[in-house]
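What follows is the residue order along each chain.
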Amino acid sequence: MGAEPTSRARKIYIAGHRGMVGNAILSRLQRRAEAGERLELVTRTHAELDLTDQAAVRDFMQTVQPDTVILAAAKVGGIHANNSYPADFIYENLMIECNVIHQAFAAGVRSLLQLGSSCIYPRAVAQPMAETALLTGPLEATNEPYAIAKIAGIKLCESYNRQHGADYRSVMPTNLYGPRDNFHPENSHVLPALIRRFHEAAQQGKDEVVIWGTGTPRREFLHVDDMAEASLFVLDLPKQVYDDNTDPMLSHINVGSGSDISILDLAHLVARVTGFAGRILTDPDKPDGTMRKLMDVSRLEAMGWQASIGLEDGVAATYDWFLQNAETVRS
């Protein structure tokens, strides 16, 4: 994370520390601190700091004066949520990014890492999706408002870098999963939704489960622990290395596993893990979304990082967490 201050610990604010990714990043930083790294970790709950409130964010940044900001806070959801609440998704994410990034700069924050999403890429784009595909075509309609907000976050970071010489970086994860995921039956992403649905079907002795769409779309998945490691890897890169491997107006870095799986095959994998032995049917009347979303992760691999958690092992570990926290995730 660059040169360390000599007189005090490096103060890092993790925005969104209660979310799946933010918590995984916080846990790794806590382990670093316990191992002797001079870190002061700062967090605020939503009740303590509303990131859509410009004045509140300004006062927080000016008072706390962090050295580094990790922006993992966002309003997120699956196809159903994005279709149902498009105004919420674009407004809240734009406000969070604008407030945190600008007020961080105004408070003299030295370095910032913001997390985006693979939905920034056009619907019809060559696979795997390279960073250079950004803004080359229309977005997937089902999550366009969210994607526009995430693209704006990238451009905010780039603009502060270009105009003010800041060191603000962006990482774009593929579909993430793992402990602390959202398992809501309607507003969750596909993998946690499948885990909950197949678990309940197995517990209730159902003989079939119907999944949305045709089952043919392919998706890439990355365990949140891998994402946390990749995020800190990118944050730790010397500025010259980051600059040498990116472009000032295409500075974001893809983070993924480098492989994908069809939704139907994913359903069968989840069925194995959860012990569901019935039939798996598809519902072609429900939307498929983008037919394929595989990240080109060659830029990150060239800098020395690769995912290490296999999908079936990761899903099994996530299911174990789901079982251990069943009461929490039932809502």
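Summarised in this report is the structure supplied together with it.

The rules behind the values
- Residues numbered from 1 in each chain as written.
- Predicted model: local features only at pLDDT ≥ 70, side-chain atom pairs only at ≥ 80, totals over all residues.
- Heavy atoms only, no water.
- Axes fitted to C-alpha atoms, helices over the stretch in contact; angles between N-to-C directions.
- Helix = DSSP H or I, 4+ residues; strand = E, 2+ residues; numbered from the N terminus.
- Parallel < 35°, antiparallel > 145°, perpendicular 65-115°, else oblique.
- Left-handed = near helix turned anticlockwise from the far one by under 90°.
- Contact = heavy atoms within 4.5 Å.
- Nonpolar A, V, L, I, M, F, W, Y, C, P; charged D, E, K, R; others polar.
- Pairing = 2+ DSSP bridges.

### Digging into the packing of helix α6 (residues 190–204) against helix α11 (residues 311–324)
Between two packed helices, what matters for the description is the angle formed by their axes and the separation of those axes.
Thought 1: In contact at an axis separation of 11 Å, α6 and α11 are set at 60 degrees when each is read in the N-to-C sense. Taken together, the axes of α6 and α11 are oblique relative to one another. When you trace α6 past α11, the crossing you get is right-handed. Here α6 contributes Leu 191, Ile 195, Arg 196 and His 199 to the contact with α11, which in turn contributes Val 315, Thr 318, Tyr 319, Phe 322 and Leu 323.
Thought 2: Classifying every residue of the contact of α6 with α11 by side-chain character gives 6 nonpolar, 2 polar and 1 charged.

### Brief notes about the sheet that holds strand β4 (residues 111–115)
Thought 1: Pairing within the open sheet is parallel, and its 6 strands lie in the order β2-β1-β3-β4-β5-β10. Of all the strands in the sheet, just β2 (39–42) and β10 (253–255) have a single pairing partner and so form its edges. Across this sheet, the average inter-strand angle for adjacent strands is 20 degrees, counted without regard to direction.
Thought 2: The pairing of strand β5 (residues 167–173) with β10 spans 3 bridges and is parallel. Pairing of Met 172 across the sheet is with Asn 254, part of β10.

### Regarding the packing of helix α1 (residues 20–34) against helix α7 (residues 224–236)
Thought 1: For the pair α1 and α7, the least separation of the axes is 9 Å and the interaxial angle reads 60 degrees. When you trace α1 past α7, the crossing you get is right-handed. Only Val 224, Asp 225, Met 227, Ala 228, Glu 229, Ser 231, Leu 232 and Asp 236 of α7 make contact with α1, whose side of the interface consists of Met 20, Val 21, Ala 24, Ile 25, Arg 28, Leu 29 and Arg 32.

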